[in-house]
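Take a look at the letters that make up each chain.
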Amino acid sequence: MANARLYYYSHLDQDTRGGWLNNGVDEYGAQASILTTVELRVTNGDSHCSISDAMNEAINLYYVDVFLGPVCDYAVAPVARQIRYWRMPMITPGALSADFGYNKPRMFPFLTRLGTNFNSLLDFILNVMHHFSWKKLKLLYQPDGHNHVMNRYCHIAADSIANGLIRRRSNVTCDHKGFRSIPKVLKDIESEVGNDWADIKYMTTPKQFVGLI
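Colleague: Lay out the overall build of the protein in plain terms, naming residues and giving numbers.
Modeller: Looking only at helices and strands, the protein features ten helices and seven strands. Every one of the 213 residues in the protein was classed for burial, and the buried ones make up 37%. Contacts in the protein between residues far apart in sequence, at least 24 positions, make up 57% of those at least 6 positions apart. By element, 54% of the accessible surface of the protein is carried by carbon and sulfur atoms, the whole surface being about 12,600 Å².

Colleague: Lay out the packing of helix α2 (residues 51–60) against helix α3 (residues 73–86) in plain terms, naming residues and giving numbers.
Modeller: Two quantities define a packed helix pair, namely the angle between the axes and the distance from one axis to the other. Relative to each other, α2 and α3 sit at 35°, their axes nearing to 7 Å. The way α2 lies across α3 gives a crossing that is right-handed. In contact with Ile-51, Ala-54, Met-55, Ala-58 and Ile-59 of α2, α3 contributes Tyr-74, Ala-75, Pro-78, Val-79, Gln-82 and Trp-86. Grouping the constituent residues of the contact of α2 with α3 by class yields ten nonpolar, one polar and no charged.

Colleague: Mind laying out the packing of helix α6 (residues 118–131) against helix α7 (residues 153–167), listing which residues take part and the relevant values?
Modeller: The N-to-C vectors of α6 and α7 enclose an angle of 60°; their axes lie 9 Å apart at closest approach. On the basis of the axis angle, α6 is oblique to α7. As for how α6 packs across α7, the hand of that crossing is right-handed. Each of Phe-118, Leu-121, Leu-122, Ile-125 and Leu-126 in α6 lies in contact with α7, whose residues at this interface are Tyr-153, Ile-156, Ala-157, Ser-160, Ile-161, Gly-164 and Leu-165.

Colleague: Outline the packing of aromatic side chains, listing residues and values.
Modeller: With the rule as written, the count across this model stands at four aromatic pairs. Look at Tyr-62 and Trp-86: their rings are 4.8 Å apart centre to centre, the planes differ by 70°, and that puts the pair in the edge-to-face class. Of this pair, Tyr-62 sits in the loop between α2 and β3 (66–68) while Trp-86 sits in helix α3, and the two are 24 residues apart along the sequence. In this structure Tyr-62 comes out as partly exposed when scored by relative accessible area, which is 46%. Where Phe-132 meets Trp-134, the ring centres are 4.8 Å apart and the plane angle is 15°; that geometry is what we call stacked.

Colleague: Quick one: what's the story with the pairing of strand β7 (residues 173–178), residue by residue and with numbers?
Modeller: Pairing of strand β6 (residues 136–141) with β7 involves six bridges; the strand directions are parallel. Each residue of the ladder has a partner; that of Leu-137, found in β7, is Cys-174. Handedness of the β6-α7-β7 crossover: right-handed.

What counts and what doesn't
Each chain has its residues counted from 1, running along the sequence as written. Where totals are concerned, whole chains, interfaces and linings use all residues; where local detail is concerned, this predicted model gives features only for residues with pLDDT of at least 70, and gives and counts side-chain atom pairs only at 80 or more. With hydrogens and water stripped out, all remaining heavy atoms of the structure feed into the side-chain values. Put simply, DSSP marks the helices as runs of H or I at least four residues long and the strands as runs of E at least two long, and each gets a number from the N terminus on. Note on exposure labels: buried denotes an accessible area under 20% of the residue type's maximum, exposed denotes more than 50%, and partly exposed covers the range between, all computed with a 1.4 Å probe on protein chains only. Any pair of residues with heavy atoms lying within 4.5 Å of one another is described as a contacting pair. Residue burial considers only the protein chains on display, and all accessible areas are found by Shrake-Rupley using a 1.4 Å probe. Axis lines are fitted to C-alpha atoms, over the contacting stretch for helices. Their N-to-C directions set the angle, which ranges from 0 to 180 degrees. In a left-handed crossing the near helix is turned counterclockwise from the far helix by less than a right angle, and in a right-handed crossing that turn is clockwise. Note on residue categories: nonpolar means Ala, Val, Leu, Ile, Met, Phe, Trp, Tyr, Cys or Pro, charged means Asp, Glu, Lys or Arg, and polar means any other residue, Gly included. The scheme is simple: roughly parallel for angles under 35 degrees, roughly antiparallel for over 145, roughly perpendicular for 65 to 115, oblique for anything else. Ring pairs shown here join Phe, Tyr and Trp side chains whose ring centres sit within 6.5 Å, with only the six-membered ring taken for Trp; geometry is labelled stacked below 30 degrees between planes, edge-to-face above 60, and tilted in between. By definition, two strands form a pair when at least two bridges between them are found by DSSP. When the strands point away from the viewer and the path from the first strand over the helix to the second turns clockwise, the crossover is right-handed.

Interpretation note: all reported values are geometric properties and have no functional meaning in isolation.
Right under this line is the structure:
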């Protein structure tokens, strides 16, 4: 029987990290028709959503066959660059930044992203705008929003959308503005949106806008 060595690491809590994977191996591996020729050996670790910690974990576990994770973009980036020299695959539901998609052939050829990401978010936005024949997009966002998921999550999302429109040479005109507090939103929304960006059919009052975000 051949061995397949998997290394799963994330910045999730220790109580949940990797448990689902070990349980899956135990449950399905026990079935006669599953994993009859391959024995999966799983090792868990923690990237701490850190560039240095992620690389240290990767170097220490260089002997594995595949990396499952990291999830955090800051941890994925250095490891995904390195594994092209090791010729070792990485599978992750993270790596959300659009740069991982645009630079995959040149920098991240062994990276496979699962599920949605900021490239697919841009696809969705463009489909909606094309459907309604909208030509202007104003991104108003909180740069540090959803920091519990990843540091500067909303900044990376907005940057992926704005730069993605430029990369794709879209006919959509885009501008973006980050707000770090609600008082700042209320103060600047009229000048930031105004008649140049607002459609009277969809315009909200400042208080309604705060409710939306």
